[in-house]
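Examining the three-dimensional arrangement
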Amino acid sequence: MKASQFFISTLKEAPADAEVVSHKLMMRAGMIKKLGAGIYTLMPMGLRVVHKVEAIVREEMNRAGAVELSMPVVQPAELWQETGRFEKMGPELLRISDRHGNDFVVQPTSEEVITDIARQEIRSYKQLPKNFYQIQTKFRDERRPRFGLMRGREFIMKDAYSFDRDQDSAKASYQVMAKAYRRIFDRFGLTYRAVAADSGAIGGDLSEEFQVIAATGEDAIVYCPNSDYAANMEKAEALAPAGPRTAASQVMTKTPTPGKSTCADVAELLGVPLQTTVKSLVLATDTVNEKGEVVKTQVWLLLLRGDHDMNEVKVGKLPSLAAFRFASVPEIEEHFGCKPGYLGPMNLLKPVKLVVDREVAVMADWICGANEPDFHITGVNWGRDLPEPDMVADLRNVVAGDASPDGQGVLAIERGIEVGHVFYLGTKYSQAMKATFLDQNGKPQLMEMGCYGIGITRLPAAAIEQNHDERGIIWPDALAPFTVVICPINAERSPEVKAASEALYAELLAAGVDVLLDDRGERPGAMFADWELIGVPHRVNIGDRALKEGNVEYQHRRDAAATAVPLAEIAGVLLAKLKV
């Protein structure tokens, strides 16, 4: 490709609404153009990157035995009603009606449609296993779309769905996909981690996220530097402290803490470590009748160490707390006789269910609210001052330095951007939609399913968050819009420069290199700035001065300066670097 035939449109400054690095650089490099909130046009330069992503994904999915199809973006609501997700998915699911008043959705994912295909087409165990995938546009009506392609409303995703005859074969299909994903992300040339994850709204168990490591990532990734253990914050287990509970050594005392309503403020006032305080979180669960009316409300008190944070996913997986909500102020006052800020498990007006974190369960001489404004209780101990809790569980987010669940050291935390996710679903959708096959005995059985997603348009943004500098993007070879750019200097005034540039361009094209010749006639400074911003990894500068000595200049995007290379050798040098 020659630059004069392509479309290059760079900006010196990013638009004011661009917040994160990838959003700013993709806008400045002319890769995307905003059409509406969370909706972007993929410009020619950006589309080339997306096509590179799609090609690698498609090759590895095909290699893993998956079969490509394409499902409609607009889907009948009745399929989603079969699984209950039409009502449950909430406002992120864009619902529309046609001229006849029929309800449809704009797909955010396609479990329902693919399960409908499977129940119509797969009749016998002899047709299993099967794995179908698509690379298709999705839409999720994000409340606050932001960060460009990182959290847009319209995006492209690769989603795949496996169907198997039993759990063992379904888990084998899951492992095939997990390995394929590792090959995909290895080929992208990005630093990433595969981490154990919670399955979230899609459901099921056995789940991994693929996270591109970046300091600006929204997700916290927990890992052990001494082993292969890795999990996201929602999934990472906080182990119970080793050893028995310490014996009580303090007298329980009601202590004035005027105006100090947080654990941190109380600890500072009393001159004690924050780790000796306990925070109170009040939740509620509602029992409803057939009409959806609340007939009973149960209030729960959760206790965590003052320096720890509640993990809502872990709490939601506890018995009886799957549908928890935070209690209202009137509910809190009804049970505790006090507004939030001075709450604790003692002197209650009405009983509550008491659930404590593993760490709190072994604490002694701890500090909690007195259920009275401006007072806390110090020297509290289990057994002596209040009965053992109704439930002890892992309620908190892990912190750096916690023991690794695999026993191989302590945990560390880094930031990441989720770009892929693999799930084992089981029969969640096949049961709801009655997707069965006939087994070897001629009896109907539910299909076991898995689903596997990659954010095709999110991945370039994640790659930029990981690979950039003050000059612009630094693409890995596999994702770059062009792998090599040839920059002739003053070619319009030098037949030698023009001839050498054209010859190298032709030679690289013939060798299968994705090369661009910048024949726009730009000044060297402006030309170099464009390609550093766009992030093409390999650049060859061809000018009169170097040619007189038989050389050209080669510079990798990460290099601080160019290196002289003989003109006769530059093609071979590039092909060696690109492993062509």
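Calculation notes
Residues numbered from 1 in each chain as written. Predicted model: local features only at pLDDT ≥ 70, side-chain atom pairs only at ≥ 80, totals over all residues. Heavy atoms only, no water. Helix = DSSP H or I, 4+ residues; strand = E, 2+ residues; numbered from the N terminus. Buried < 20%, exposed > 50% of the residue type's maximum accessible area, 1.4 Å probe, protein only. Contact = heavy atoms within 4.5 Å. Polar contact = N/O pair within 3.5 Å; in protein donor to acceptor, adjacent residues only side chain to side chain. Phe/Tyr/Trp six-rings, centres within 6.5 Å; stacked < 30°, edge-to-face > 60°. Lys NZ or Arg CZ within 6 Å of the ring centre and 35° of its normal. Pairing = 2+ DSSP bridges. Salt bridge = Lys/Arg side-chain N within 4 Å of Asp/Glu carboxyl O. Core = buried A, V, L, I, M, F, W, Y, C linked by side-chain atoms within 4.5 Å. Disulfide = S-S within 2.5 Å. Axes fitted to C-alpha atoms, helices over the stretch in contact; angles between N-to-C directions. Parallel < 35°, antiparallel > 145°, perpendicular 65-115°, else oblique. Nonpolar A, V, L, I, M, F, W, Y, C, P; charged D, E, K, R; others polar.

1. Some points on the overall build of the chain
When helices and strands are counted, the chain shows 16 helices and 31 strands. C-alpha extents for the chain along the principal axes are approximately 95 × 70 × 50 Å. Evaluated residue by residue, the chain yields a buried proportion of 50% over its 580 residues. Within the chain, contacts between residues separated by at least 24 positions form 69% of all contacts whose residues are at least 6 apart in sequence.

2. Examining the side chain of K314
By the element assignment, K314 lies in helix α8 (residues 312-316). For K314, a relative accessible area of 10% corresponds to the buried category. At a separation of 2.6 Å, a polar atom in the side chain of K314 contacts the main-chain carbonyl oxygen of A236. One polar contact links the side chain of K314 to the main-chain carbonyl oxygen of R396, over a distance of 2.7 Å. In this structure, K314 is in contact with E234, A236, E237, A238, D394, R396 and V398, ignoring residues within four places of it in sequence.

3. Some points on the packing of aromatic side chains
Tallied over the entire structure, the rule returns 10 aromatic pairs. Pairing Y181 with F185 gives two aromatic rings, centres 6.3 Å apart and planes at 55°, and the pair type is tilted. Taken as a pair, Y181 and F185 lie in helix α6 (residues 167-188) at a separation of 4 residues, close to a single helical turn. Each of the two residues, Y181 as well as F185, counts as buried. Given the relative accessible area of 0%, Y181 is considered buried. Put simply, the rings of Y181, F185, F188, Y192 and F210 touch in pairs and so form one group of aromatic residues. For the cation-ring pair, R95 lies above F86, with the distance from its terminal atom to the ring centre recorded as 5.1 Å.

4. Points about the sheet that holds strand β16 (residues 325-326)
The strands that make up a sheet pair up through hydrogen bonds in the backbone, lying either parallel or antiparallel. Strand order in the open sheet formed by 5 strands is β16-β14-β15-β17-β20, and the pairing between neighbours is mixed. With one partner strand each, in any of the chains shown, β16 and β20 (391-393) form the two edges of the open sheet.

5. Comments concerning the pattern of salt bridges
Counted by the stated rule, this structure contains 43 salt bridges. Note that D514 and R48 form a salt bridge whose closest N and O atoms lie 2.7 Å from each other. Of this pair, D514 sits in the loop between α13 (495-510) and β28 (515-517) while R48 sits in helix α2 (residues 44-63), placing them 466 residues apart in sequence. For the salt bridge of E60 with R63, the shortest nitrogen-to-oxygen distance reads 3.3 Å. Taken as a pair, E60 and R63 lie in helix α2 at a separation of 3 residues, close to a single helical turn. The exposure class of E60 is buried, given its relative accessible area of 4%. Three or more residues are tied together by salt bridges with common partners; here these are R305, D307, D357, E359, R396 and D402.

6. Some remarks on the side chain of E414
With respect to the helices and strands, E414 occurs in strand β21 (residues 412-426). Polar side-chain contacts of E414 include one of 2.3 Å to the side chain of R193. Sequence-distant contacts of E414, defined by excluding residues within four places in its chain, comprise R193, I213, D219, A220, I221 and Y223.

7. Some thoughts on the nonpolar core
Residues M31, V57, Y181, F185, F188, W475 and W531 are the most contacted members of the largest nonpolar core, which totals 67 residues. Not counting chain neighbours up to four residues away, the residues in contact with V57 comprise I135, K158, I184, F188, I454 and I456.

8. Structural notes on the state of the cysteines
Taken as a whole, this structure holds 0 disulfides when the rule is applied. No disulfide involves C263; its sulfur sits 9.5 Å from that of C368, the nearest cysteine. We classify C263 as buried; its relative accessible area is 16%.

9. Side note on unusual backbone geometry
Both trends apply: most residues other than glycine have a negative phi, and most peptide bonds are in trans. Omega for the peptide link from L128 to P129 comes to 0°, which places this bond in the cis form. Tracing the sequence through the fold places P129 in the loop between α5 (111-121) and β7 (130-139). Its identity as a non-glycine residue notwithstanding, D365 has a phi of 55°, on the positive side. Tracing the chain through its elements places D365 in the loop between α10 (358-361) and β18 (366-369).

10. Quick notes on the packing of helix α1 (residues 21-28) against helix α12 (residues 458-466)
With their axes 8 Å apart at the nearest point, α1 and α12 run at an angle of 105° to one another. Here α1 is positioned roughly perpendicular relative to α12, judged by the angle of their axes. For the pair formed by α1 and α12, the contact residues are V21, S22, L25 and M26 on the first element and P460, A461, I464 and E465 on the second. Of the residues belonging to the contact of α1 with α12, the class tally is 6 nonpolar, 1 polar and 1 charged.

11. Looking at the environment of K171
Its place among the elements puts K171 in helix α6. Counting along the chain gives 279 residues from K171 to G450, while the straight-line C-alpha distance between them is 8.2 Å. With residues up to four places along the chain from it excluded, the contact list for K171 reads L206 and Y424.

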